[in-house]
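Each chain, letter by letter, is given below.
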Amino acid sequence: MTNRLYVAGRILLEAALVAVVGAAFAFAANQVSPRGLALARNYFPTGTNDAVRMPPIAVASVGVPGTNVASVGVPGTNVASVGIPGTNVAPPAAVQLPASPIKAKEVPLIDGPRAIQLFHDSHLIPGAIIFIDARDEGHYREGHVPGAYEFDPYHPETYFPVVMPACRAAEQIVIYCNGGDCDDSKTAALLLEQVGIPDQKLFIYGGGITEWTSTHQPVETGAQNSGSLKIAIQ
Amino acid sequence: MTNDQPIRSAAVVNLFTVLARWLLGATILYLGLNKALHPVEFLKLMRQYDLTQDALLLNSMAAALPWFEIFCGLLLLAGVAVRGTALTLTLMLASFTLLVLHRALLLEAAQNIPFCAVKFDCGCGAGEEFICRKLLENLLLLVLSGWLLAGRGRQFSLRFSLIKPPAL
């Protein structure tokens, strides 16, 4: 009995040692790793735990006749929807808001047809309407809205030098991510707002790249303006 | 012949135990590496469990867990502090399994689908998986950890126990 207790104590002590040394190793490795997380940084300025918890929350593309703009809140506020000034759009009658509470400023949400229209309009006056892809580099290179700027909101410092001048010059900025339960576009919008981009310029394309490709819109692979276009066939 | 049989059986058990240690170590190492290579993705997945509202705590967990798993995987592969590592892994695996089960039940209720049809990325390092398969995998890993915890797998160990028993 005493022997068993002694063995159990040894195992516990060994486990504690493993835990302590392992934790020290883990934090040191994270510190050294080029992909390591910055511990003090708030990666989710829209609210640490306001992630979409339940799968697919239907947003935006609700097809209210005569309406192509809805509104989505940056998590944290209870927001009703509004139209985009100057776009001749009435507030939608029924928009399903995210399940999570909404706190901060709302960012107008646009649907697929409106995003396509803005994409075509963006060719009329280059730079006046820009698209921002808020996904990571790998997904961006696999395919993005042609001409869209890459802006991974979890590594903003990498992209600010290119994205900021474009945002300052633009009149309308359409931000998207995967669509569905992805809220990286909201995080990106909030970051841009925080660094001084007027929120009136910002719009979120709720359907994201998933809806974009499913409606057979062109996507550009590789770097921005690589010229390598393709249309998804489903 | 009769005398050889127990020796052979013991050798077979030992061989399987060492293979089990290596399998568990390699699996934990692989899962840890997958997370460590994509820390932001892991952070986003961890966030969905609503473990904490505190950004520093959430970041710390997401930053440390993958590397901690890598550390444990390496220890098992090398055969260092095997029982202590097995105990640590058992506790971690049991906690993670409960968390994943809880989330799966929430998803089952939200989607109104059979439990085994629930499929999601639990942040375990293997991408999207059906919940029943995930639970079976975790159960297998728990059994392996338990086996090692019982003191098996001493062969090809660099230092099976860190704390040596006192000499009598």
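Please read these numbers as outputs of a predicted model, since none were measured by experiment. (Residues numbered from 1 in each chain as written. Chains lettered and ligands numbered in written order. Predicted model: local features only at pLDDT ≥ 70, side-chain atom pairs only at ≥ 80, totals over all residues.)

Our focus in this paragraph is the overall build of chain B. For chain B, the helix and strand inventory stands at five helices and two strands. Its helices and strands in sequence order give chain B the pattern α-α-α-α-β-β-α, from N to C terminus. With the C-alpha coordinates aligned to their principal axes, the bounding extent of chain B is approximately 60 × 35 × 30 Å. In chain B, which comprises 168 residues, the share counted as buried stands at 32%. Contacts spanning at least 24 positions in sequence make up 71% of the contacts within chain B whose residues lie at least 6 apart. (Helix = DSSP H or I, 4+ residues; strand = E, 2+ residues; numbered from the N terminus. Buried ≥ 20, exposed ≤ 12 C-beta atoms within 10 Å, placed from the backbone. Contact = placed C-beta atoms within 7 Å.)

It is worth spelling out the interface of chain A and chain B at this point. Listed as interface residues are 32 residues of chain A and, on the opposing side, 34 residues of chain B. Along the lines of polarity and charge, the residues of the side of chain A that touches chain B split into 20 nonpolar, seven polar and five charged. (Nonpolar A, V, L, I, M, F, W, Y, C, P; charged D, E, K, R; others polar.)

Take the pairing of strand β6 (residues 202-205) of chain A next. Taken residue by residue, a regular strand's side chains alternate between the two faces of the sheet. Residue and element names in this part refer to chain A. Along β6, one buried face is formed by Leu 202 and Ile 204 and the opposite face, lined by Phe 203 and Tyr 205, is buried too. Note: strand β5 (residues 172-176) against β6, three bridges, orientation parallel. Across the sheet, residue Ile 173 finds its bridge partner in β6, namely Leu 202. Each parallel crossover has a hand, and for β5 linked through helix α5 (residues 184-194) to β6 it is right-handed. (Pairing = 2+ DSSP bridges. Right-handed = clockwise from strand over helix to strand, strands pointing away.)

All names here are of chain B. Mean pLDDT over chain B: 90, with 95% of residues reaching 70 or higher. Here helix α1 (residues 4-37) stands out as the least confident element of chain B, with mean pLDDT 88; helix α3 (residues 55-78) is the most confident, with 96. The ipTM value of the predicted complex is 0.90, and its pTM value is 0.74. (pLDDT = per-residue confidence, 0-100.)

In this section: helix α2 (residues 112-121) of chain A. Residue and element names in this part refer to chain A. Every buried residue of α2 is accounted for by Gly 112, Arg 114, Ala 115, Leu 118 and Phe 119. With its buried residues spanning 160 degrees around the axis, α2 presents them on a single face. With respect to the buried face of α2, the exposed residues turned more than 90 degrees away are His 120 and Asp 121. (Arc of directions from axis to C-beta.)

What follows is about the pairing of strand β3 (residues 129-133) of chain A. All names here are of chain A. Burial analysis of β3 places five of its five residues in the buried class, which makes it a mostly covered element. Residues Ile 129, Phe 131 and Asp 133 of β3 are buried on one face, and the alternating residues Ile 130 and Ile 132, pointing to the opposite face, are buried as well. Both β3 and β5 contribute to a ladder of five bridges, which runs parallel. In the sheet register, Ile 132 faces β5, and the bridge partner there is Ile 175. Examined bridge by bridge, β3 and strand β4 (residues 149-150) share two bridges and lie parallel to one another. Across the sheet, the residue bridging to Asp 133 is Glu 150, located in β4.

With that settled, the discussion passes to the confidence of the model for chain A. Caution is warranted with low-pLDDT regions, since their predicted coordinates should not be read in detail. The pLDDT averaged across chain A works out to 77; a share of 73% of its residues lies at or above 70. Long-range and interchain partners of residues 48-104 of chain A, a stretch whose pLDDT sits below 50, account for 146 contacts in this model, where long-range means more than four residues apart.

On to the environment of Thr 215 of chain A, then. Residue and element names in this part refer to chain A. Within the element layout of this structure, Thr 215 appears in the loop between α6 (208-214) and β7 (218-220). Judged by the 14 C-beta atoms lying within 10 Å of it, Thr 215 falls in the partly exposed class. For Thr 215 and Asp 184, which are 31 residues apart along the polypeptide, the C-alpha to C-alpha distance reads 21 Å.

So, about helix α1 (residues 2-32) of chain A. Under the 1.5 Å per step criterion, the end-to-end length of α1 of chain A is 45 Å for 31 residues, consistent within 8% with the ideal 45 Å. Within the sequence span of α1 of chain A, burial applies to Ile 11, Glu 14, Ala 15, Val 18, Gly 22, Ala 26 and Asn 30 of chain A. Those residues of α1 of chain A that are buried are in contact with α3 and α4 (82-111) of chain B. (Expected span 1.5 Å × (residues − 1).)

To continue, consider the packing of α1 of chain A against α4 of chain B. Contact geometry of α1 of chain A with α4 of chain B gives a least axis separation of 7 Å together with a crossing angle of 75 degrees. When the axes of α1 of chain A and α4 of chain B are compared, the pair comes out roughly perpendicular. Facing Ile 11, Glu 14, Ala 15, Leu 17, Val 18 and Ala 19 of chain A of α1 of chain A, the residues of α4 of chain B in contact are Arg 83, Gly 84, Thr 85, Leu 87 and Thr 88 of chain B. Grouping the amino acids of the contact of α1 of chain A with α4 of chain B by side-chain chemistry returns six nonpolar, three polar and two charged. (Axes fitted to C-alpha atoms, helices over the stretch in contact; angles between N-to-C directions. Parallel < 35°, antiparallel > 145°, perpendicular 65-115°, else oblique.)

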